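What the coordinates show
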Amino acid sequence: MGNLSRLLKESWTLVEEQQDKVAGYFYARIFLSNPHLRNLFPVTMDVQRARLLGAIVSAVQTLDDPDRFEEYLRQLGRDHRKFHVEPEHYEVVGEALLEALRTFAGESWSIEYDQAWGDAYNVIAKKMIAGAEADPNPAFWHAEVLTHERRARDIAVMTCRPLQYPLEYRAGQYVSVEAPRYQPRLWRTYSMANAPNKEGTIEFHVRALGAGWVSSALVRRVQVGDLLRVAAPMGTMTLDRKSTRDVVCVAGGTGLAPVKALIEELTRYNRTRWVHVFFGAKDRDDLYDLPELNKLAARYPWLSVVPACSDDRNFVGEQGNIGEVVARYGPWGDHDFFVSGSASMVKNTLRTLAELKVPAVRIKYDTFGDI
Ligand SMILES: Cc1cc2nc3c(=O)[nH]c(=O)nc-3n(C[C@H](O)[C@H](O)[C@H](O)COP(=O)(O)OP(=O)(O)OC[C@H]3O[C@@H](n4cnc5c(N)ncnc54)[C@H](O)[C@@H]3O)c2cc1C
Ligand code: HEM
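Description of the structure in this document. What you are looking at is a predicted structure, and each value in this text was computed from that prediction instead of being measured. (Residues numbered from 1 in each chain as written. Chains lettered and ligands numbered in written order. Predicted model: local features only at pLDDT ≥ 70, side-chain atom pairs only at ≥ 80, totals over all residues. Heavy atoms only, no water.)

Some remarks on the overall build of the protein chain
Helix and strand counts for the protein chain stand at 11 helices and 12 strands. The C-alpha atoms of the protein chain give a radius of gyration of 22 Å, which matches the 21 Å a tight globule of 371 residues would have. Projected onto its principal axes, the C-alpha coordinates of the protein chain cover approximately 65 × 50 × 40 Å. Counting the 371 residues in the protein chain, one finds 53% classified as buried. Residue pairs at least 24 apart in sequence account for 74% of intrachain contacts in the protein chain once pairs closer than 6 positions are excluded. A total accessible area of about 18,200 Å² is found for the protein chain, and carbon and sulfur atoms account for 51% of it. With 46 positive and 48 negative side-chain charges, the protein chain shows a separation of 5 Å between the mean positions of the two kinds. (Helix = DSSP H or I, 4+ residues; strand = E, 2+ residues; numbered from the N terminus. Rg over C-alpha atoms; globule rule 2.2 N^0.38 Å. Buried < 20%, exposed > 50% of the residue type's maximum accessible area, 1.4 Å probe, protein only. Contact = heavy atoms within 4.5 Å. Areas by Shrake-Rupley, 256 points an atom, 1.4 Å probe, with all protein chains shown as cover. Lys, Arg positive; Asp, Glu negative; His and termini not counted. Charge placed at Lys NZ, Arg CZ, Asp CG, Glu CD.)

Listed below in structure tokens is the structure:
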């Protein structure tokens, strides 16, 4: 662990147990000195008051080598324009962060800690600001919902079309989405489930999580004709067109969305690469897009699909977690891997791939949460 990383982790332990209070103080500092910034944040903040603070703390701590995360930070900065964040706001937030840490760490805080957090925050903020300034596109697009279909208990497949300008993205990427009619100022990320097309339509696959604010609005309330907002595309889980290796996609639940987009891109040019899709879910109902996948597999001889259920004894097919199922096939020593789904699914799959000696450089993944 580098010295900077050690200082950041060590100092965080001084306040970690008081995170809620630190967050309260942090926001109070921002809003007292700059009341207009309150409008950038969700209307109700009690449920998730630590979201921004948590995001900054984990960014500062995990991105201790910011050059490695250059592209991610540029994309994050570009994406932040959807909140109406301006370059001068970074200083306000950075000062509030340091003030909150100093206050709650009390006498154990030191100049070294102060310097470490200030330096790390400033490097990250600079890269985010540069990313935002370099982007010629609008901060977000208004997109009209064209179709909305309920699949399974809690999953919807919907398409929308950005108005004003085309939204350029690559298969495998994701965007932040807001449903302003139902949950204003709450943005969550969803993967495009199709490759870019001439009509400019975008498909999303969304699962409503029990207490989830945005996902349940997208699945249960959004109607055809509603306007969503969609921000700049992000993510690097894209195809390397120069690679000649065969491909393995491992998807859990709606983690299938980016995989569907990758398959669609492959249908446009692939003749030589075998593509194996492993699609896992709890039960048959959750295999919400299997008929579509099977149709694609019947049409493209290079595509094979293996569905699996982890919690459905009556399912005729593979049983178990999707990572375990992948391990039953193979060998996988010379393939490009794409893994997408919930944090636990991605974590388990990455562990299995490491056991199977798949080189980490060949694995691209997106997780729906922190791992
Ligand atoms: C890169 C990326 C791509 C994504 N792509 C998709 C996609 O294509 N389709 C899709 O359906 N989702 C996708 N997600 C997840 C999505 O962004 C939201 O996290 C999810 O819809 C929940 O948002 P919410 O507002 O409904 O829940 P929140 O209000 O944020 O959370 C409500 C509650 O649910 C819990 N919770 C949140 N997320 C999960 C989870 N994954 N599993 C279990 N409990 C959880 C929280 O702890 C909280 O208690 C993606 C996430 C990322 C980071
Ligand atoms: C180093 C600087 C920053 C980093 C690393 C950072 C990172 C993040 C991340 C990762 C999220 C997403 C959290 C999530 O919804 O899952 C987020 C949300 C947010 N950020 Fe930032 N951010 C930074 C600076 C700022 C600044 C300067 C502002 C302007 C006031 C800002 C405003 C917001 C808002 C409004 C949200 C949404 C909060 C919510 O939904 O509750 N951020 N930030």
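That was the structure; now back to the text.
With respect to helix 6 (residues 111-133)
If you check helix 6, its first and last C-alpha atoms are 32 Å apart, about what 23 residues at 1.5 Å a residue would give, namely 33 Å. Every buried residue of helix 6 is listed here: Tyr113, Ala116, Trp117, Gly118, Ala120, Tyr121, Ile124, Ala125, Lys127, Met128, Gly131 and Ala132. Along its buried surface, helix 6 packs onto helix 1 (3-12), helix 3 (51-62), helix 4 (70-80) and helix 5 (89-105). (Expected span 1.5 Å × (residues − 1).)

A few points about the sheet that holds strand 6 (residues 227-231)
Reading across the sheet, the 6 strands line up as 4-3-6-1-2-5 and stay open at both edges, with antiparallel pairing between neighbours. Edge strands, defined here as strands with exactly one partner in the open sheet, are strand 4 (187-191) and strand 5 (202-207). Each adjacent strand pair in this sheet contributes to an overall mean axis angle of 40°, direction not counted. Where strand 1 (residues 140-151) meets strand 6, 5 bridges bridge the pair, whose relative direction is antiparallel. (Pairing = 2+ DSSP bridges. Axes fitted to C-alpha atoms, helices over the stretch in contact; angles between N-to-C directions.)

Examining the packing of aromatic side chains
Inspection of every chain in the model, using the stated rule, returns 13 aromatic pairs. Ring centres 5.4 Å apart and planes at 70° place the aromatic pair Phe31 and Phe41 in the edge-to-face group. Of this pair, Phe31 sits in helix 2 (residues 19-33) while Phe41 sits in the loop between helix 2 and helix 3, placing them 10 residues apart in sequence. In this structure, Phe31 and Phe41 share a single accessibility class: buried. Pairing Trp332 with Phe337 gives two aromatic rings, centres 6.2 Å apart and planes at 85°, and the pair type is edge-to-face. Summarising the burial analysis for this pair, Trp332 and Phe337 share the class buried. One aromatic cluster is present, formed by Phe26, Tyr27, Phe31 and Phe41 through successive ring pairs. (Phe/Tyr/Trp six-rings, centres within 6.5 Å; stacked < 30°, edge-to-face > 60°.)

Points about the pairing of strand 2 (residues 155-162)
For strand 2, the tally of buried residues reaches 7 of 8 residues, placing the bulk of the element in the interior. Where strand 1 and strand 2 come together, 8 bridges link them in antiparallel fashion. Each residue of the ladder has a partner; that of His148, found in strand 2, is Met158. The turn joining strand 1 and strand 2, which pair antiparallel and follow one another in sequence, is formed by 3 residues; a positive phi near 55° is taken by Ala152.

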